[in-house]
Amino acid sequence: MAHKMPEEICCHVVDDNAYVTEVVLEVKSHERIALFCEGVEVSRKGQLSVIIIGTTTKVYIFDILKLGKEAFNNGLRDILQDKTKEKLMFDCREDSDCLYHQFKVQLSGVLDLQLLEVMYRKTSSAPSSIDGACPSRRSEMVDAIDNVTGFVKCIEVHTKDKDVRKAMDRSWIGYDGKKWLKRPLQQSIEVYCCAKTSAMFTLFENLNGHGENLPRLRVASERYVNLLKDIPQRRFDRLETHTFLPLDIIQLEGTLTFPLANTKCVICQRLFTR
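Residues numbered from 1 in each chain as written. Predicted model: local features only at pLDDT ≥ 70, side-chain atom pairs only at ≥ 80, totals over all residues. Heavy atoms only, no water.

**Student:** Explain the overall build of the chain to me, using residue names and the numbers behind them.
**Tutor:** If you tally the helices and strands in the chain, you get ten helices and eight strands. Of all 274 residues assigned to the chain, the portion counted as buried reaches 47%. Partitioning the intrachain contacts of the chain with sequence separation of at least 6 by distance along the chain shows that 70% fall at a separation of at least 24. When the accessible area of the chain is evaluated, it comes to approximately 14,200 Å², of which 51% is carbon and sulfur surface. (Helix = DSSP H or I, 4+ residues; strand = E, 2+ residues; numbered from the N terminus. Buried < 20%, exposed > 50% of the residue type's maximum accessible area, 1.4 Å probe, protein only. Contact = heavy atoms within 4.5 Å. Areas by Shrake-Rupley, 256 points an atom, 1.4 Å probe, with all protein chains shown as cover.)

**Student:** A description of the sheet that holds strand 5 (residues 86-89) should follow, citing residues and the corresponding values.
**Tutor:** Spatially, 1-4-3-2-5-6 is the arrangement adopted by the six strands of the open sheet, whose pairing is mixed. This sheet does not close on itself; its edge strands, each paired only once, are strand 1 (10-14) and strand 6 (110-112). When the angles between neighbouring strand axes are averaged without regard to direction, this sheet yields 25°. As defined by bridge partners, strand 3 (residues 47-54) adjoins strand 4 (residues 58-63) across five bridges and the pair is classed as antiparallel. Bridged to valine 50 within strand 4 is aspartate 63. Each of strand 5 and strand 6 touches helix 5 (residues 113-123); the most contacted strand, strand 6, lies at about 50° to it. Helix 9 (residues 214-227) rests against strand 5 and strand 6 of the sheet, and its axis sits at about 95° to strand 6. (Pairing = 2+ DSSP bridges. Axes fitted to C-alpha atoms, helices over the stretch in contact; angles between N-to-C directions.)

**Student:** Give me the lowdown on the environment of leucine 115, citing residues and values where you can.
**Tutor:** By the secondary structure assignment, leucine 115 is in helix 5. Taking the C-alpha atoms as reference points, leucine 115 and leucine 245, 130 residues apart in sequence, are found 8.6 Å from one another. Other than its neighbours up to four places away in sequence, leucine 115 contacts Leu217, Ala220, Ser221, Tyr224, Leu245, Ile249 and Ile250.

Don't take any of this as a statement about function, it's just geometry.
The following block contains the structure:
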């Protein structure tokens with residue numbers, strides 16, 4: 001199925017709480033949506049500016065700076081926590097950390113495209129960052145750790161859509177990202193949000209194949225949602241921001257479970273197999 005180009009997608013800015021419930025009801029009528037957050041250092045310590053929820057034909061930019069926490073009580077929290085509503089996200093970790101610690105929202109129903117790309121690399125003829133077979137013993141897995149790929153790189157490799165790539169240029173945002181906090185929202189923000197939404201649906205279609213990875217992806221995405229959110233006190237250092245896929249996020253092919261975890265990391269508090 002060919003998805004619409006960014007200029008063909010209708011974009012709506014939702015900045016009045018009187019309309020939040022109506023928009024949420026419209027979004028709920030779709031089986032699958034795209035979701036991402038933008039702001040300054042989006043996380044438990046950063047500042048959330050907007051939440052973008054998109055379908056294949058419409059993009060809604062919820063202006064959280066104007067709407068405030070009331071928006072979440074008007075239906076936004078319900079859809080974000082609805083595990084039956086599939087949400088395409090790309091590296092949901094910081095968005096989840098922000099939504100939970102600042103707005104008490106427990107994301108659910110996420111299909112993380114960053115994880116899907118890793119699965120695609122490992123189960124197809126696509127180039128892999130790791131050569132050779134994966135060791136059977138976990139103590140020998142150091143050389144078999146996968147890298148996670150950034151969104152723009154995924155678009156370049158898996159869609160080869162130069163128009164979408166051009167529309168997603170972020171140079172206008174600046175180094176500190178504070179242009180996300182300026183009002184009224186710039187038209188370039190709307191263009192970017194439409195481009196990213198379109199790209200997320202295209203990426204999902206190109207990587208999903210016949211859906212054979214969806215059961216594993218649902219379980220892995222739930223773990224990704226909780227990865228940073230569940231750390232009692234974050235450090236915001238390279239231990240958290242490295243580009244390696246953390247252990248025990250994606251299950252081995254053919255299973256939906258993980259090895260028994262009985263050893264706790266003294267820093268992040270995650271449990272691992274000894």
